[in-house]
Amino acid sequence: MASITPDPIPPPLCATEVLRRKVSATQRPPETIDWHGSAMKIVTYSIATIAMVSLTLPLEASQKVDPTPRGIPGVWSLDWSDEFSGTQVDLTKWNVAGHAPGGAINCYDFNQARVSNGSLHLVLEHRTDTCADGAETRPYVSGSVSAKATFTSGAFEARINVPAALNGRVANFPAFWLVAWPAVGEIDIWEGLNTSGSCWSVHPQPNDQAPAGCVAPTTGWHTFGAEWVAGQRVDVYYDGRKVGSMPWTGVNGQYPVLDNAVATWSSIRVPADLQVDYVRHWTK
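Residues numbered from 1 in each chain as written. Predicted model: local features only at pLDDT ≥ 70, side-chain atom pairs only at ≥ 80, totals over all residues. Heavy atoms only, no water.

Caption draft 1: Geometry of the pairing of strand 14 (residues 186–192). Within strand 14, 7 of the 7 residues are buried, leaving the element largely enclosed by the surrounding structure. Looking at chain direction, strand 13 (residues 173–179) and strand 14 are connected through 5 bridges and run antiparallel. The residue of strand 14 that forms the bridge with Val179 is Glu186. Where strand 13 hands over to strand 14, the hairpin turn is made up of 6 residues, of which Gly185 adopts a positive phi near 140 degrees. Sheet analysis places strand 14 next to strand 15 (residues 198–203), joined by 5 bridges and oriented antiparallel. (Buried < 20%, exposed > 50% of the residue type's maximum accessible area, 1.4 Å probe, protein only. Helix = DSSP H or I, 4+ residues; strand = E, 2+ residues; numbered from the N terminus. Pairing = 2+ DSSP bridges.)

Caption draft 2: Looking closely at the side chain of Asp82. Assignment of secondary structure puts Asp82 in strand 3 (residues 77–82). The side chain of Asp82 is buried and forms no salt bridge, while Lys93, the nearest opposite charge, is found at 4.5 Å. A polar side-chain atom of Asp82 sits 2.9 Å from the main-chain amide nitrogen of Phe84. Beyond its immediate stretch of four places on either side in the chain, Asp82 contacts Asp90, Lys93, Trp94, Asp277, Tyr278 and Val279. (Lys, Arg positive; Asp, Glu negative; His and termini not counted. Salt bridge = Lys/Arg side-chain N within 4 Å of Asp/Glu carboxyl O. Polar contact = N/O pair within 3.5 Å; in protein donor to acceptor, adjacent residues only side chain to side chain. Contact = heavy atoms within 4.5 Å.)

Caption draft 3: Representation of the state of the cysteines within the structure. Summed over the entire model, instances satisfying the criterion amount to 2 disulfides. For Cys107, the disulfide goes to Cys131, at an S-S distance of 1.9 Å. Taking the sign of the S-S torsion, about -80 degrees here, the bridge from Cys107 to Cys131 comes out left-handed. In this pair, Cys107 is assigned in strand 5 (residues 106–108) and Cys131 in the loop between strand 8 (129–130) and strand 9 (137–138), connecting sequence segments 24 residues apart. Neither residue differs from the other here; Cys107 and Cys131 are each classed as buried. The disulfide partner of Cys199 is Cys214, and the gap between their sulfur atoms is 2.1 Å. The disulfide joining Cys199 to Cys214 has a torsion of about 105 degrees about its S-S bond and is therefore right-handed. Note that Cys199 is positioned in strand 15 and Cys214 in strand 16 (residues 213–215), a separation of 15 residues in sequence. This pair shows no difference in class: Cys199 is buried, exactly as Cys214 is. Cysteine pairing for the chain, with bonded cysteines counted in sequence order: 1-2, 3-4. (Disulfide = S-S within 2.5 Å.)

Caption draft 4: Broad picture of the nonpolar core. Ranked by internal contacts, the top residues of the largest apolar core, which has 43 residues, are Trp94, Leu120, Val145, Ile160, Phe176, Leu258 and Val279. Considering every element that reaches this core, the biggest residue donor is strand 13, with 5 residues. Those residues in contact with Leu120, other than ones at most four positions away along the chain, are Phe84, Val89, Arg114, Val115, Val145, Leu258, Leu274, Gln275 and Val276. Core analysis: the next-biggest nonpolar cluster, separate from the first, contains 10 residues, Tyr108, Phe173, Ala263 and Trp265 among them. (Core = buried A, V, L, I, M, F, W, Y, C linked by side-chain atoms within 4.5 Å.)

Caption draft 5: Focus on unusual backbone geometry. Following Trp181, the chain continues to Pro182 via a peptide bond in cis, the omega torsion being 5 degrees. Within the fold, Pro182 resides in the loop between strand 13 and strand 14. With omega at -5 degrees, the peptide bond leading from Val270 into Pro271 counts as cis. Position of Pro271 among the secondary structure elements: in the loop between strand 21 (267–270) and strand 22 (272–283). For Asn172, which is not glycine, the phi torsion reads 70 degrees and is therefore positive. Of note, Asn172 is situated in the loop between strand 12 (154–162) and strand 13. Since its relative accessible area comes to 0%, Asn172 is described here as buried. One non-glycine residue, Asn194, lies in the positive phi region at around 50 degrees.

Caption draft 6: Layout of the packing of aromatic side chains. Applying the stated criterion to the full structure yields 8 aromatic pairs. Members of the aromatic cluster, each reached through a chain of ring pairs, are Trp80, Phe84, Trp94, Phe151 and Phe156. For the cation-ring pair, Arg159 lies above Trp221, with the distance from its terminal atom to the ring centre recorded as 4.1 Å. Between Arg280 and the ring centre of Tyr278, over which it is positioned, the NZ or CZ distance is 3.6 Å. (Phe/Tyr/Trp six-rings, centres within 6.5 Å; stacked < 30°, edge-to-face > 60°. Lys NZ or Arg CZ within 6 Å of the ring centre and 35° of its normal.)

Here's what the structure looks like:
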């Protein structure tokens, strides 16, 4: 089991700001299904290959007034962002998914990606849906957005409110990642992976390896970031702490993706609203 000593956590911001941004609970109680260990489990991650880190990550207040990457050293210049301050997804910056994602049991639908109250909402519901690409019909429907801009280095960060399952794990299968589709290459800055917690990884080839590392489940508001050093590595930061580093020599441009999927092996909770306060990219 690998051990990583985190950087010190900055003091929390004003608690009233946290309370101001809280969203009221849904009217009907959430539905929770824990498929872990069931016969339907279709994806397995070997604990021997995962560097587990015991960290308790604090809730975060909004950083809209200080748009600098948390914990990532260097002098940075913000060159792309979305603060989700409008009333709908900005289609000049994002593509809204409408397909059947691989490895999941949900469709993506344009109407499940919404913007209100200063946040992007990717809403997962237990509702049968025929995926827009006509591939198949699935029992869940959710939202996903992918940026139209591509990058080959720099600092990336998103502040996300992660839904919790009733068992305390990260609910469903949410993620903040970069991908080079249709070229090859994927950088997973953050994925919620049931018993493994919140994980990061790189994939020179699709689904070619288990996560590089994980921390205990991180639910509620958190910042997930990474520095991509071209031709060398990707350093991962959760709430301003450096939690891992991965070698990466991929050269293909990649675009950020946010999604709120669900798989048979997830700790399923529906409805579930993955809220995103902002997404940003900086260059040195």
